[in-house]
Amino acid sequence: QVQLVESGGGLVQAGGSLRLSCAASKSIFSIYTMGWYRQAPGKQRDLVAQITSGGSTSYADSVKGRFTVSRDNAKNTVYLQMNSLKPEDTAVYYCYAISGGRESYWGQGTQVTVSS
């Protein structure tokens, strides 16, 4: 049963932009934190950005000033606006959510490829 559904990945040239979205099922109770990890082949899965239910955000140093995470609590959806993309941003991006009951959920992953 899929509870986090991601979309928005694709191929973009360096310097371009993409927006990822991740919609959580209504069955997930009282989502506290939503955010994004990314993983390139053979590399660790790293936290990119996260946002709490109150709107507090945090970012990896590598994306600060370029990426913006936001959420629509009414829609149980988190977004990642990615600007000034670089080839090193190429990875599979995974959405995650943590509920008020401390359950964690993962999206299926969406491929982002940035060409030079």
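Heads up: the structure comes first, above all this text.
Residues numbered from 1 in each chain as written. Predicted model: local features only at pLDDT ≥ 70, side-chain atom pairs only at ≥ 80, totals over all residues. Heavy atoms only, no water.

Draft legend 1. Spotlight on the sheet that holds strand β8 (residues 77-82). The four strands are arranged β1-β3-β8-β7 in an open sheet whose pairing can be described as antiparallel. Only two strands of the sheet have a single neighbouring strand rather than two, namely β1 (4-7) and β7 (67-72). Between one strand axis and the next, the sheet turns by 15° as a mean value, whatever way the strands run. (Pairing = 2+ DSSP bridges. Helix = DSSP H or I, 4+ residues; strand = E, 2+ residues; numbered from the N terminus. Axes fitted to C-alpha atoms, helices over the stretch in contact; angles between N-to-C directions.)

Draft legend 2. Main features of the pairing of β1. Burial of β1 is one-sided: the residues Leu-4 and Glu-6 facing one way are buried, the residues Val-5 and Ser-7 facing the other way are not. Bridging between β1 and strand β3 (residues 18-24) involves four bridges; their strand directions are antiparallel. Residue pairing for β3: Ser-7 is matched across the bridge by Ser-21. (Buried < 20%, exposed > 50% of the residue type's maximum accessible area, 1.4 Å probe, protein only.)

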